[in-house]
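Geometric and topological summary
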Amino acid sequence: MTIKITGTGSALPEKTVTNSDIAKLVDTSDDWIRERTGISERRIATNDTVSSLASKACTNALEMAGRNAEDVELIIVATCSPEFLLPCCACQVQSDIGAHKAVAFDLNAACSGFLFALNTAYAYVQAGLYKNALIVGSEVLSKLIDWTDRSICVLFGDGAGAAFVETSDIDEICENGRKVGVESIVMGSDGTKGMTLSCMERGLANPYVEKIEKVNPYVHMDGQEVYKFATRQVPACISTALEKAGFTTDDIDLFVLHQANIRIIESVAKRLKADISKFPVNLNRVGNMSSATIPVLLDELNRDGKIKKGDRLVLSGFGAGLTYGASVLVWG
Ligand code: COA
């Protein structure tokens, strides 16, 4: 038994912030940002929240799948920037969209979050616990960023993407002979490198703590370490996922990767000896939206008709934790 994606959806805040806009805040330039990252602009939330963006993305995904909120059995929201520590964002989404019968919880694997959510839903379905799930990546990272730190504030954007996944008792075989659904999954974590990309919530604070430390509430990153990690670990885990499924890069039609930096994507393509034209990109328009990057790109490709039934896709991401993952699946 496997799962297939039957609907995708996304939601972006209205406000566009260009590189030139950021150059009015910090000592940077459009040229520097584009050359080093590939990003030209990003969307920044001024009214939306992580849950409102997630709910819009879910509604769009359900509409495409032709399903009602009442049908949803499981909601997993991957986020590292929820507006509340409790309740979890998934419960807010459940209430917003009226998915009264669903079990809902959040998952935090930073930028790998959507993949981890997909793989978690897959495992639940395999175990026979649920027949469908809404999986979501939603972030408002703009509130976790020090807008005076040029090394960080140029990189990130806000947004949400969702996918409705379902199982079916009958195998669906495409015209090209491929069976629809997830074919292999790989997930990994290296907690020893956790402080390479971090953001502290709050420190110990109670009447018995001798000295309450002041916490820096913003994202801190060693960019070069993260870069090295991504360019080594992403191709390695994609190779493992391909090996597990019994395929090579030539069998893949599209590589939908986490959209952090164009140079990382180019390096991954090179290491895999795969054609760069198979690596769609939207980071130039939306920046790095952490867990939302993969589902937003997937939804754009899907709605633009750039993914065809029977296409074999690799989804792969990396992020804080440090975490990484890859999935191979055939589109249905
Ligand atoms: N504008 C202009 N100059 C900047 C700048 C900016 N926005 N940010 C940093 N610089 C400067 C630095 O201060 C440094 O100056 P110096 O040489 O005088 O000290 C110089 O540019 C080079 O900085 P460096 O950090 O070496 O640049 P880089 O080539 O490593 O690029 C990143 C920086 C962040 C773009 C790159 O390391 C990266 O993409 N890392 C991965 C980050 C990532 O993907 N994070 C998300 C993970 S999910």
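What you see is a predicted model; the values in this text were computed from it and never measured.

**As for empty space enclosed by the protein**
Here the idea is plain: a probe the size of a water molecule rolls over the atoms and shows the empty space left. All chains considered together, the criterion is met by 3 cavities of 30 Å³ or more. By volume, the largest cavity amounts to about 100 Å³. As for the largest cavity, its lining consists of T2, I3, K4, E166, T167, S168, I170, D171, E172, K179 and V180. For the lining of the largest cavity, the secondary structure elements donating two or more residues are β1 (3-11) and β7 (159-167).

**Quick notes on the sheet that holds β7**
On the basis of which strands lie adjacent, the open sheet formed by 5 strands has the order β1-β7-β6-β4-β5 and mixed pairing. Two strands bound the open sheet, and with one partner strand each, they are β1 and β5 (103-107). Adjacent strand axes in the sheet meet at a mean angle of 20 degrees, parallel and antiparallel pairs treated alike. Examined bridge by bridge, β1 and β7 share 8 bridges and lie antiparallel to one another.

**Quick notes on the nonpolar core**
If you look at the biggest cluster of nonpolar residues, it comprises 46 residues, and the most contacted ones within it are I238, F255, V268, F279 and F318. Broken down by element, the residue count for this core peaks at 8 residues, all from helix α7 (residues 223-245). Ranked by size, the runner-up nonpolar core spans 31 residues in total, among them I5, A109, A133 and L254.

**Observations regarding the side chain of S184**
Secondary-structure assignment places S184 in strand β8 (residues 181-189). For S184, a relative accessible area of 5% gives the class buried. Setting aside its immediate chain neighbours within four residues, S184 contacts A241, K244, A245, A326, S327 and V328.

**Concerning the environment of A109**
Its place among the elements puts A109 in the loop between β5 and α5 (113-126). Of the residues examined, A109 reaches a relative accessible area of 5% and is grouped as buried. Separated by 139 residues in sequence, A109 and T248 place their C-alpha atoms 27 Å apart. For A109, the contacting residues outside a window of four places in its chain are F116, A320 and T323.

The rules we used
- Residues numbered from 1 in each chain as written.
- Predicted model: local features only at pLDDT ≥ 70, side-chain atom pairs only at ≥ 80, totals over all residues.
- Heavy atoms only, no water.
- 1 Å grid on protein atoms, 1.4 Å probe; cavity = no way out; pocket = protein on both sides within 12 Å on 5 of 7 lines; lining within 4 Å.
- Points joined across faces, edges and corners; volume = space filled by probe spheres on them.
- Helix = DSSP H or I, 4+ residues; strand = E, 2+ residues; numbered from the N terminus.
- Pairing = 2+ DSSP bridges.
- Axes fitted to C-alpha atoms, helices over the stretch in contact; angles between N-to-C directions.
- Core = buried A, V, L, I, M, F, W, Y, C linked by side-chain atoms within 4.5 Å.
- Buried < 20%, exposed > 50% of the residue type's maximum accessible area, 1.4 Å probe, protein only.
- Contact = heavy atoms within 4.5 Å.

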